[in-house]
Amino acid sequence: MAKVAFLGLGVMGYPMAGHLVKAGHEVVVYNRTAAKAEAWVAEHGGAMALTPREAAQGCDFVMACVGNDDDLRSVCVGDDGAFAGMSDGAIFVDHTTVSAAVTRELAGQGLAFVDAPVSGGQAGAENGQLVVMCGGDQAAYDAAEPVINAYAKMCKRLGDSGMGQMCKMVNQICIAGLVQGLSEGLHFAEKAGLDGRAVVEVIGGGAAGSWQMVNRYETMLDDEFEHGFAVDWMRKDLGICLSTADEIQASLPVTALVDQFYKDVQKLGGGRWDTSSLLRRLRALD
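Visitor: Describe the pattern of salt bridges, naming the residues involved and giving the relevant values.
Guide: Tallied over the full model, the rule gives 13 salt bridges. For Arg-73, the salt bridge goes to Glu-105, with nearest N and O atoms at 3.0 Å. Taken together, the residues span a long stretch of sequence, with Arg-73 in helix H4 (residues 69–76) and Glu-105 in helix H6 (residues 100–107) at a distance of 32 residues. Across the pair Asp-237 and Lys-236 runs a salt bridge whose closest N-O atoms are separated by 2.9 Å. Residue class for Asp-237 comes out buried when judged on its relative accessible area of 2%. Residues joined by salt bridges that share partners form a network here, namely Glu-190, Asp-223, Arg-280 and Arg-283.

Visitor: Which residues make up the state of the cysteines, and what values do they have?
Guide: Simply put, disulfide is the name for a covalent bond between the sulfur atoms of two cysteines. Under the counting rule described, the total for this entry stands at zero disulfides. In this model Cys-59 remains outside any disulfide bridge; the closest cysteine sulfur is found in Cys-76, 14 Å from its own. Of the residues examined, Cys-59 reaches a relative accessible area of 3% and is grouped as buried. Not part of a disulfide, Cys-174 finds its nearest cysteine sulfur in Cys-167, a span of 9.3 Å. What makes Cys-174 partly exposed here is its relative accessible area of 44%.

Visitor: How would you summarise helix H11 (residues 211–221) if you had to cite specific residues and measurements?
Guide: Listed as buried for H11 are Gln-212, Met-213, Arg-216, Tyr-217, Thr-219, Met-220 and Leu-221. On its buried side, H11 packs onto helix H9 (163–191), helix H10 (196–203) and helix H14 (278–284). Looking at the residues trailing H11, positive phi occurs at Asp-223, about 60 degrees.

Visitor: Now, about the packing of aromatic side chains: what can you tell me, with residues and values included?
Guide: Using the criterion set out here, one finds two aromatic pairs in the structure. Seen from their ring centres, Phe-83 and Phe-92 are 5.4 Å apart, and the 90 degrees between their planes marks the pair as edge-to-face. For the pair shown, Phe-83 and Phe-92 are each scored as buried. Relative to Phe-113, the ring of Phe-92 has its centre 5.3 Å away and its plane inclined at 15 degrees; by these criteria the two rings are stacked. Of this pair, Phe-92 sits in strand E5 (residues 91–94) while Phe-113 sits in strand E6 (residues 112–115), and the two are 21 residues apart along the sequence. Aromatic ring contacts, followed pair by pair, group Phe-83, Phe-92 and Phe-113 into a single cluster. Lying over the aromatic face of Trp-273, Arg-280 brings its terminal NZ or CZ to 4.3 Å of the ring centre. Over the face of the ring belonging to Phe-261 we find Arg-281, whose NZ or CZ atom lies 3.7 Å from the ring centre.

Visitor: Tell me about the layout of surface pockets, residues and numbers included.
Guide: Taken as a whole, the second largest pocket encloses approximately 150 Å³ of empty space. At the level of elements, H9 and H10 are the ones that each hand at least two residues to the lining of the second largest pocket. Top contributing element to the lining of the second largest pocket by residue count: H9, with six residues. A class-by-class count of the residues in the lining of the second largest pocket yields nine nonpolar, three polar and no charged.

Conventions and cut-offs
- Residues numbered from 1 in each chain as written.
- Predicted model: local features only at pLDDT ≥ 70, side-chain atom pairs only at ≥ 80, totals over all residues.
- Heavy atoms only, no water.
- Salt bridge = Lys/Arg side-chain N within 4 Å of Asp/Glu carboxyl O.
- Helix = DSSP H or I, 4+ residues; strand = E, 2+ residues; numbered from the N terminus.
- Buried < 20%, exposed > 50% of the residue type's maximum accessible area, 1.4 Å probe, protein only.
- Disulfide = S-S within 2.5 Å.
- Contact = heavy atoms within 4.5 Å.
- Phe/Tyr/Trp six-rings, centres within 6.5 Å; stacked < 30°, edge-to-face > 60°.
- Lys NZ or Arg CZ within 6 Å of the ring centre and 35° of its normal.
- 1 Å grid on protein atoms, 1.4 Å probe; cavity = no way out; pocket = protein on both sides within 12 Å on 5 of 7 lines; lining within 4 Å.
- Points joined across faces, edges and corners; volume = space filled by probe spheres on them.
- Nonpolar A, V, L, I, M, F, W, Y, C, P; charged D, E, K, R; others polar.

This is how it looks when you write it as structure tokens:
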């Protein structure tokens, strides 16, 4: 069993760190809001630190799950950053969805670094069923994988530093199009006078079926959008996708359009609604 620091106890990090304890690892946590770390320790045991540097000291692995590029830099570098406290041989594993550029910037500072963004949402984190997409040195990945498996149903290395983040971009691109298509389909069913649940029962087992359909159609039909990844975070991720697409000369017309639809959702006050709230946008157009 390893000694692990976990930096960031949001809706994803909080349960992920808990799974590490359940797997038998010794865990010390850091969170920008100390009250969240105190609550985590009260629930799971382990210890809390007041700075990322303090958390990282003496640990075999340092995991991070924060908000964006700037948040990641803030917990990694500087006098109080995790890098200043890491021992020789320790491995940094970043579960944040960030740009490949910041990943390569931080991975180039001489430490073993695995970029490991996740998919599966809050439910996947709570149930230990995340999909983890990794980039980085093979030896560092091989060492980190058994620890990551505490909360993963799938963990795979895609290549060198940044390639985990590139794979996560593919994931978000696909989700954007799927959720818009599902929203349009359910909206059409409503307008046509069909029973949406009956429609999904019929088409869900065929070629139209998807994880989004199975896991979101009921709450979408009930106009409930408090069940997953927030629109604000999706727009952050899609911004990374679109910026990277410009750099590598990839065409993402549907993704760009859906990003603007999510902007409309934000204007409706739905920045914290989950991503399936694209249906509420369509209803608002009526």
